[in-house]
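Letter by letter, the chains look like this.
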Amino acid sequence: MTHAEAQIRIAALRTELARHDERYYRQAQPEITDFEYDALKRELAGLEVQFPELAIGESPTQRVGDDRSEGFVRVKHRQAMTTLDNTYDEEELREFDARLVKALGTTELAYTVEPKIDGVAVSLTYEKGKLTRAVTRGDGEEGDDVTANVCTIRGLPHVLMPADDLLAPPLPGLIEIRGEVFLRDEEFRRINQVQEELGEALYANPRNLAAGTLKQLDSKLVATRRLEIVLYGLGACEPAPTGFDSQSSFQAQVRAWGLPVVEKFWSVRGIDAVWAAIGALDAMRRGFAYATDGAVVKLDAFTQQGVVGYRGAGQAARKLSPRWACAYKFAPDRAETRIRAITLQVGRTGAVTPVAELEPVLLAGTTVKRATLHNADEIARKDVRVGDAVLVEKAGEIIPAVVQVLLEKRPPHCEAYVFPSECPVCATKLVREEGGVKWMCPNPVCPEKVRRKIGHFASKAGLDIDGLGEEVVDLLLTQHLIKTLPDLFRLKVADLLPLKKSGEVWATNLINGIAARRTADLWRVIHGLGIPQVGAASAKDLARRFRSLDALAEASLNDLVQIEGFGEKTAEAVRAWFNDEANRALVADLQAAGLTPTPPAEGAAGGALAGKTVVLTGTLPTLSREQATEKIEAAGGKVSGSVSRKTHYVLAGEEAGSKLEKAKSLGVPVLDEAGFLELIGG
Ligand code: IVH
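From a predicted model like this one, the values you see are computed outputs, not experimental measurements.

### Some details on the site of the ligand
Surrounding the ligand, one finds 15 residues, the nearest of these being Glu 114, Lys 116, Ile 117, Arg 137 and Lys 298. In this structure, Ile 117 approaches the ligand through a main-chain N or O atom, which is 3.0 Å from a nitrogen atom. Here the ligand loses 90% of its free accessible area of 510 Å² to cover by the protein chains. Looking at the shell around the ligand element by element, the count peaks at four residues for strand β3 (residues 110-117). Partitioned by chemical class, the residues of the shell around the ligand number seven nonpolar, three polar and five charged.

### Quick word on the sheet that holds strand β22 (residues 638-640)
Taken in spatial order, the four strands of this open sheet run β22-β21-β23-β24, and their pairing is parallel. Each edge of the open sheet is held by one strand with a lone partner, namely β22 and β24 (670-671). The sheet contact formed by strand β21 (residues 613-617) and strand β23 (residues 649-652) spans four bridges and is parallel. Within β23, the residue paired with Val 615 across the bridge is Val 650. Running at roughly 140 degrees to β21, helix α24 (residues 658-666) makes contact with β21, β23 and β24 of the sheet.

### Overview of the nonpolar core
In terms of nonpolar packing, the biggest core is built from 52 residues, with Leu 468, Leu 476, Leu 496, Ile 526 and Leu 542 touching the most fellow members. With residues up to four places along the chain from it excluded, the contact list for Leu 496 reads Leu 476, Leu 481, Leu 491, Trp 506, Ala 507, Leu 510 and Ile 511. Membership of the second largest hydrophobic core comes to 35 residues, among which are Leu 160, Leu 183, Phe 188 and Leu 259.

### Things to note about the packing of aromatic side chains
Two descriptors summarise a pair of aromatic rings, namely the distance from one centre to the other and the angle between the planes of the rings. All chains considered together, the criterion is met by eleven aromatic pairs. Its end group placed over the ring of Phe 72, Lys 215 keeps NZ or CZ at 5.7 Å from the ring centre. Against the face of Trp 506 rests Lys 500, its NZ or CZ located 4.3 Å from the ring centre.

### What to know about the pairing of strand β7 (residues 174-182)
The two faces of the sheet receive side chains in turn, since in a regular strand these alternate between them. Counting buried residues in β7 gives nine out of nine residues, a clear majority hidden from the surface. Alternating positions in β7 separate into two faces, Leu 174, Glu 176, Arg 178, Glu 180 and Phe 182 on one and Ile 175, Ile 177, Gly 179 and Val 181 on the other, with burial throughout. Inspection of the sheet shows strand β4 (residues 120-127) paired to β7 by eight bridges, in the antiparallel sense. Residue Val 120 lies in a different strand from β7, and its bridge partner there is Val 181. In this sheet, strand β8 (residues 228-238) lies alongside β7 in antiparallel orientation, the contact comprising eight bridges. If you follow Ile 175 over to β8, its bridge partner there is Cys 237.

### Notes on the environment of Lys 449
Residue placement: Lys 449 occurs in helix α12 (residues 447-458). Looking at Lys 449, the relative accessible area reads 5%, which means it is buried. Separated by 98 residues in the primary sequence, Lys 449 and Ala 351 have C-alpha atoms spaced 9.2 Å apart. Aside from chain neighbours lying at most four places away, what touches Lys 449 is Val 346, Gly 347, Arg 348, Thr 349, Gly 350, Cys 441, Pro 442, Asn 443 and Pro 444.

### Brief notes about the side chain of Ser 248
Of note, Ser 248 is situated in helix α8 (residues 247-256). Owing to a relative accessible area of 18%, Ser 248 belongs among the buried residues under this scheme. A polar side-chain atom of Ser 248 sits 3.3 Å from a polar atom in the side chain of Ser 246. Setting aside its immediate chain neighbours within four residues, Ser 248 contacts Thr 112, Phe 265, Ser 267 and Asp 300.

### Points about unusual backbone geometry
Omega for the bond connecting Glu 238 with Pro 239 falls within 30 degrees of zero, at -5 degrees, which places this linkage in the cis form. Within the secondary structure, Pro 239 sits in the loop between β8 and α8. A positive phi is found at Asp 383, a non-glycine position, where the angle reads about 55 degrees. Along the chain, Asp 383 turns up in the loop between α11 (376-382) and β17 (389-393). Taking the relative accessible area as the measure of exposure, Asp 383 reaches 26% and is therefore partly exposed. Positive phi values are uncommon outside glycine, yet Asp 464 reaches one of about 55 degrees. Mapped onto the secondary structure, Asp 464 falls in the loop between α12 and α13 (470-478).

### Some words on the pattern of salt bridges
All chains considered together, the criterion is met by 37 salt bridges. Close ionic contact of Arg 184 with Glu 228 constitutes a salt bridge, the shortest N to O distance being 2.6 Å. In this pair, Arg 184 sits in the loop between β7 and α5 (185-197) while Glu 228 sits in strand β8, placing the two residues 44 residues apart along the sequence. Measuring nitrogen to oxygen at the nearest pair gives 2.3 Å for the salt bridge that ties Asp 589 to Arg 490. One end of the pair, Asp 589, is in helix α22 (residues 581-592); the other, Arg 490, is in helix α14 (residues 487-490), with 99 residues separating them in the sequence. Classification of Asp 589 by relative accessible area gives partly exposed; the value is 28%.

### Considerations on the side chain of Glu 180
With respect to the helices, strands and loops of the structure, Glu 180 is situated in strand β7. With no salt bridge to any partner, buried Glu 180 finds its closest opposite charge in Arg 137, at an N-O distance of 5.9 Å. One polar contact links Glu 180 to Tyr 232, side chain to side chain, over a distance of 2.5 Å.

About the criteria used
Every chain begins its residue count from 1, and numbering advances along the sequence as written. Local features are withheld for residues below a pLDDT of 70 in this predicted model, meaning they are given only at 70 or higher, and side-chain atom pairs are given and counted only at 80 or more; totals for whole chains, interfaces and linings count all residues. As a rule here, side-chain values cover all heavy atoms of the structure and leave hydrogens and water aside. Note on definitions. A residue lies near a molecule or strand when any single heavy atom of the residue is within 4 Å of it. Think of a polar contact as two N or O atoms within 3.5 Å of one another; within protein, one of them needs to be a possible hydrogen donor and the other a possible acceptor, and neighboring residues in sequence only count if both atoms come from side chains. Accessible surface area values rest on a Shrake-Rupley calculation with a 1.4 Å probe, where residue burial reflects the displayed protein chains alone. The secondary structure listing takes helices from DSSP runs of H or I that are at least 4 residues long and strands from runs of E that are at least 2 residues long, numbered from the N terminus. Three classes are used: nonpolar for Ala, Val, Leu, Ile, Met, Phe, Trp, Tyr, Cys and Pro, charged for Asp, Glu, Lys and Arg, and polar for all others, with Gly counted as polar. Following DSSP output, two strands are said to pair if at least two bridges run between them. Whether two residues are in contact is decided by their heavy atoms: any pair within 4.5 Å suffices. Working convention: axes come from line fits to C-alpha atoms, limited for helices to the stretch in contact. Angles between N-to-C directions cover 0 to 180 degrees. Nonpolar cores were defined as sets of buried Ala, Val, Leu, Ile, Met, Phe, Trp, Tyr and Cys residues, with membership established by side-chain atoms within 4.5 Å. Residue burial is assigned from relative accessible area. The probe radius is 1.4 Å, only protein chains are included, and a residue is buried under 20% of its type maximum, exposed over 50%, and partly exposed in between. Between rings of Phe, Tyr and Trp, where Trp is taken as its six-membered ring, a pair exists when centres lie within 6.5 Å; planes separated by under 30 degrees are stacked, by over 60 edge-to-face, and by other angles tilted. A positively charged side chain is recorded as over a ring if its NZ (Lys) or CZ (Arg) lies within 6 Å of the ring centre. The angle to the ring normal must also be within 35 degrees. Whenever a carboxyl oxygen of Asp or Glu lies within 4 Å of a side-chain nitrogen of Lys or Arg, that contact is scored as a salt bridge. Asp and Glu count as negative and Lys and Arg as positive, but His and the ends of the chain are not part of the count.

Below, the structure is given as structure tokens:
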């Protein structure tokens, strides 16, 4: 490779890795497997060794990410949370030992070998034995405060168990204990099943789901998912620890305090014994509660750890890595097969996903016939062709992925795959998703999009229309009985009779089923419309806040971001959807066809604000807008955005502007927070 070629490849690798970091850490939606990611990292590290003039700083072979996200309080770790170098190679593991033997001048070093849990790293702080804080790794120096969410974990004691023995060392004044939050496979499957029923995006694997859950702003939702935790590492300890001076004695102490620890670890001497322990771990890891993707080998004695220290001293915490530990990763479950065809799937949003149709192959206990190819860029990067022999991988993921093409087995005359420029269903020219990697079919009447949209609208996630499954939707579409969503509500029994022999009962039931959902809950309608970013929970928030499609359609960006848990992205997506003329026309047509959604039950009918309309303006001293809205609704009132003669009260806080003026000029009573609370009785 020439210098110029290396320069281009290195730049491409850096951009690509940055994108994958973003998806992995911030969005918890990786596009590629860990193994593929590690391969890219290695390629970059290799090129940087070969062309040192092109290297920028240290380029370790681990993910050096940053998981901090909006909506959380940031907390500094007392001691930085570093990561580890990964290896898949026995030789590299032996070199790790050789370096330590040389540095310490001792052979047969004492090590612990622990399962490497594939979860989300957190640091717990116990002060005088009480759990005071849980923080994510973040950038290594400061992370997000996720205490409320971690406190929902049932198996985690909030108080350390003191020793019975009077001679035992006292509880430390402050200790940071590091560990991993994870979800069991069964729990992962259960949650994904719920997601599927709700028509929400599926999580790629238990780790992503655990990461996504830990970063939920609503701890009540977190509590419905059974997160678990294991603890394995020491951070800061003040005063200096007494009672443990090594990783193995620390593990014993953590267990004695009553905290959940790894199911098994090995205390061994010398690298051969380490290697044997790794083999033993590999043989038993599938029986563990958590996904174990490798082994972490640690120098046991804290004094020896202190002597060898960290690589990358003087750099950012996230780039530090201990010389005293090494992660050996097990290669994922893989199988070789051949690609029979590449097909494209069009989703209801229009996203076009390429899928490899495979010669069936047995992989991790199931027969795999299809695997995702992610997107056009990934196909090009791997140069995947129809007829290719490929490796498919399933590392806990529900969707197997094609990870590598076996070029040496490529049949002759196998042509490069050209990603179609047109929608495979309606032949409309595809457009690239803004700022993303997906190709989208922009045609609003693309039959596949329409089919999926109607299917979603009618499904359990949407209006939950009895008898209107995918097959019936297909039938209605192919028989040209419906073209759009509102057409569903215009169907008559007579239209359906020709479809089935002696189908009167079926036809009557279906029409009745559809008619019964004309007054479906508002949130179901909002969810069923398929507004990007709006899942069931957000749809419920919107229904509670706006109470009608018309009010929602008029909601300003500002109104939307006021909703707790709504970021700018969701607010913008909602606004953009209603700004689209076609969508407004769709809503109007649904209403014209008789859809009159039911708003959520009002608060107490006899409440202090029953039948009253209240306008909020300015900043209240203690209540957020959302809290005030909740209270108004709970007291039977309705919140409106603008002041008119029909307004019963204006609830005004600091910096109330024109709405307050208008209220005064119209003679509408103005309440401050205290007056409001008194009115509703607390
Ligand atoms: S020790 C500086 N022990 O894997 C020491 N880490 O690739 C780093 N992990 O950042 C932590 N199981 O999030 C350690 N038994 C274990 C672990 C473990 C999983 C995670 C941890 C770490 C990453 C390293």
